[in-house]
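Residues per chain, in single letters:
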Amino acid sequence: MTSRLQQTKGGFNFDNHVRNTMMEGKGMGIPKATKTGTTIVGLIYKDGLVLGADTRATAGPIVADKNCEKIHYLAPNMYCCGAGTAADTEMTTALISSQLELHRLSTGRQARVVTAMTMLKQMLFKYQGQIGAALILGGVDINGPHLYTIYPHGSTDKLPYVTMGSGSLAAMSVFESRYKPDMSREEGIALVQDAIEAGIFNDLGSGSNVDVVVINSEKVEVLRNYARPNERGVKEASYKYQRGATEILKTSIRNLVDIKETVNIHTPEAMDIS
Amino acid sequence: SLRLAPSSKASSAGSASVLDTSNSYGLHDTMRFGMRQIASEVSSKHPLENRLAEWDNTQMELKMNMARNMYGMHAPIKMAMERNLVTKARGPSMLPQRSNLGLDILAGKDESIDFEDFLN
């Protein structure tokens with residue numbers, strides 16, 4: 001048998017750290033991870049809460065995804081918007097969603113929003129901010145609607161209206177001037193849409209469409225691409241050349257493969273049933 | 001004694017052992033880690049490496065110390081006894097296995113999922 005059975009643990013592997021630092025020292029940087037740039041917002045209205053997000057993902061100066069989904073499912077009564085490194089937000093929310101499902105099966109009750117917040121903040125603190133996920137967690141549980149922000153190092157806030165991401169200042173300016181408690185559903189959605197559009201038009205890291213999710217105690221409505229202020233214009237003229245625009249001077253065809261067709265007539269034999 | 005998180009410096013910082021990069025034969029694994037460089041083994045570890053490696057042990061120690069402070073000496077002794085029963089005292093017919101179900105249940109890992117469960 002082997003001399004030493006070292007149990008290989010799963011999780012993150014730091015073997016390449018030495019090689020990466022050496023490469024950075026020589027001038028070859030790490031490839032840029034896809035970030036979400038982002039404007040994400042959340043607000044509490046009379047019956048529940050509204051979450052909103054833009055849909056642009058950037059890789060450096062290039063738009064990597066024009067219509068990505070930034071509002072992730074966590075539980076039937078909870079959704080989470082994610083800003084920061086796209087892979088980190090997706091993996092983190094997927095992992096916490098699985099943990100919440102296990103927790104729900106074990107307790108037999110609907111999950112509370114504080115549970116998800118605690119799981120997220122403990123995980124992000126454990127990784128000391130190396131997991132670049134800035135999240136807005138919103139949900140409705142037995143105690144009513146709750147809205148939390150979670151920063152990459154693990155700190156959290158509990159507030160009635162929040163914004164995160166590179167477009168957070170543009171969106172927060174809209175919220176600060178027009179937010180009032182106990183808004184109706186339509187007012188809440190309109191305010192969220194205006195805040196996201198402020199981020200879309202004033203921040204380079206945010207763009208494309210507006211996603212909205214409305215959560216109340218009875219149901220959740222996922223309004224994907226609720227507003228599309230950046231639709232591409234239809235081209236007015238056709239740039240296709242008509243057939244015959246280019247004159248054919250000479251035609252020569254060379255067969256690379258000799259194609260021969262033979263037809264076999266197959267007469268079925270009578271069945272032998274002796 | 002009531003340490004919440006492990007330190008970022010490894011307790012054996014400044015020393016390297018062959019076991020860090022060993023393969024199943026106990027020697028340095030050139031295929032996975034390249035030619036053996038003592039300098040890189042001693043210095044420049046990622047700040048998270050030691051933190052994550054020691055995380056479970058640190059949490060366990062925290063629980064044991066808090067239980068000792070709150071309930072008395074018997075509480076951590078019972079916890080340690082249960083852990084020994086599932087790790088050391090195994091039946092003669094049991095094959096050596098990597099994953100210990102008893103240990104997972106005692107640590108609460110049977111009802112949770114973490115990066116090490118799917119990133120491996």
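Every chain is numbered independently, its residues counted from 1 as its sequence is written. Chain labels run from A onward and ligand labels from 1 onward, assigned in the order the entries are written. Only residues with pLDDT of 70 or above have their local features reported here, since the model is predicted, and side-chain atom pairs are shown and tallied only from 80 upward, although totals for entire chains, interfaces and linings are computed over all residues. Excluded from the side-chain calculation are hydrogens and water; included are all heavy atoms of the structure.

Undergrad: Got a minute to help me understand the pattern of salt bridges in this structure?
TA: Once their charged atoms are close, side chains differing in charge can pair, the charge on each being opposite to the other. All names here are of chain A. One speaks of a salt bridge when a side-chain nitrogen belonging to Lys or Arg is within 4 Å of a carboxyl oxygen belonging to Asp or Glu. By the definition in use, this model includes 12 salt bridges over all chains. Two residues, R185 and E186, come together in a salt bridge whose shortest N-O distance is 3.7 Å. Burial classes: relative accessible area under 20% of the type maximum marks a residue as buried, over 50% as exposed, and values in between as partly exposed (1.4 Å probe, protein chains only). Given the relative accessible area of 26%, R185 is considered partly exposed. The exposure class assigned to E186 is exposed, which follows from its relative accessible area of 52%. For E221, the salt bridge is made with K219, and the minimal N-O distance between the two is 3.4 Å.

Undergrad: Sorry, what's going on with the interface of chain A and chain B here?
TA: Interface size, as often reported, equals the accessible area lost upon joining of the parts. We call two residues in contact when some of their heavy atoms are within 4.5 Å. Counting residues at the interface gives 29 residues for chain A and 28 residues for chain B. Applying the counting rule to chain A against chain B returns 1 salt bridge. Close ionic contact of K126 of chain A with D114 of chain B constitutes a salt bridge, the shortest N to O distance being 3.4 Å. What counts as a helix is a DSSP run of H or I of at least four residues, what counts as a strand is a run of E of at least two, and both are numbered from the N terminus. Contributions of two or more residues to the side of chain A that touches chain B are made by helix 1 (17-25), helix 2 (86-107) and helix 3 (113-126) of chain A. Ranked by the residues each element gives to the side of chain A that touches chain B, the list is headed by helix 2 of chain A, at 6 residues. Looking at the side of chain A that touches chain B, its residues break down into 11 nonpolar, 14 polar and 4 charged. Only Asp, Glu, Lys and Arg are considered charged in this grouping, and only Ala, Val, Leu, Ile, Met, Phe, Trp, Tyr, Cys and Pro are considered nonpolar; every other residue, Gly among them, is considered polar.

Undergrad: Help me understand the sheet that holds strand 1 (residues 40-44) of chain A in this model?
TA: Think of a sheet as strands paired side by side through backbone hydrogen bonds, with each pair either parallel or antiparallel. All names here are of chain A. Pairing between strands requires that DSSP locate at least two bridges from one strand to the other. Spatially, 10-1-2-11-12 is the arrangement adopted by the 5 strands of the open sheet, whose pairing is antiparallel. Edge positions in the sheet fall to strand 10 (161-164) and strand 12 (220-227), since each of these pairs with one other strand and no more. Across this sheet, the average inter-strand angle for adjacent strands is 15°, counted without regard to direction. Contacting strand 1 and strand 10, helix 4 (residues 168-178) runs over the sheet at an angle of about 160° to strand 10. Lines fitted to the C-alpha atoms define the axes, with helices restricted to the stretch that makes contact. Angles between their N-to-C directions range from 0 to 180 degrees.

Undergrad: Looking at this structure, I do not really get the UniProt feature "active site" (unreviewed entry) in chain A. What am I missing?
TA: All names here are of chain A. UniProt positions are given in the numbering used here, feature names are shortened, and annotations may be inferred rather than shown by experiment. Sequence positions flagged by UniProt for "active site" (unreviewed entry) are, in local numbering, T38. Note on placement: T38 falls in the loop between helix 1 and strand 1. Apart from residues lying up to four places away in sequence, T38 is in contact with D54, K70, G82, A83, M164, G165, S166, G167, D203, G205 and S206. Whenever two N or O atoms come within 3.5 Å, that pair is a polar contact, provided that in protein one can donate a hydrogen and the other can accept it, and provided that, for residues adjacent in sequence, both atoms are side-chain atoms. Of the polar contacts made by the side chain of T38, one reaches the side chain of K70; its length is 3.2 Å.

Undergrad: What am I meant to see in the nonpolar core here?
TA: Most often, soluble globular proteins keep nonpolar side chains buried together rather than apart. Formed by 26 residues in total, the largest nonpolar core has its most connected members in L74, M78, L100 and L137 of chain A. For this core, the elements supplying multiple residues, two or more each, are strand 5 (71-75), strand 6 (78-84), helix 2, helix 3, strand 7 (133-141) and strand 8 (144-150) of chain A together with helix 3 (47-53) of chain B. Here this core gets 7 residues from one element, more than from any other, and that element is helix 3 of chain A. Residues contacting L137 of chain A, with those up to four places away along its chain left out, are L74, M78, Y79, C80, V113, A116, M117, L120, H146, L147, Y148 and I150 of chain A. Nonpolar core, defined: a set of buried Ala, Val, Leu, Ile, Met, Phe, Trp, Tyr and Cys residues in which side-chain atoms within 4.5 Å join the residues together. Counting residues in each nonpolar core, the second largest holds 21 residues, with L43, A195, A198 and I200 of chain A among its members.

Undergrad: I keep staring at the UniProt feature "domain: Proteasome beta subunit C-terminal" (unreviewed entry) in chain A and nothing clicks. Help me out?
TA: Feature annotation in UniProt assigns "domain: Proteasome beta subunit C-terminal" (unreviewed entry) to the following positions: residues 229-263 of chain A. The straight-line gap between the two end C-alpha atoms of residues 229-263 of chain A is 61 Å; of that span, 0% is helix and 0% is strand.

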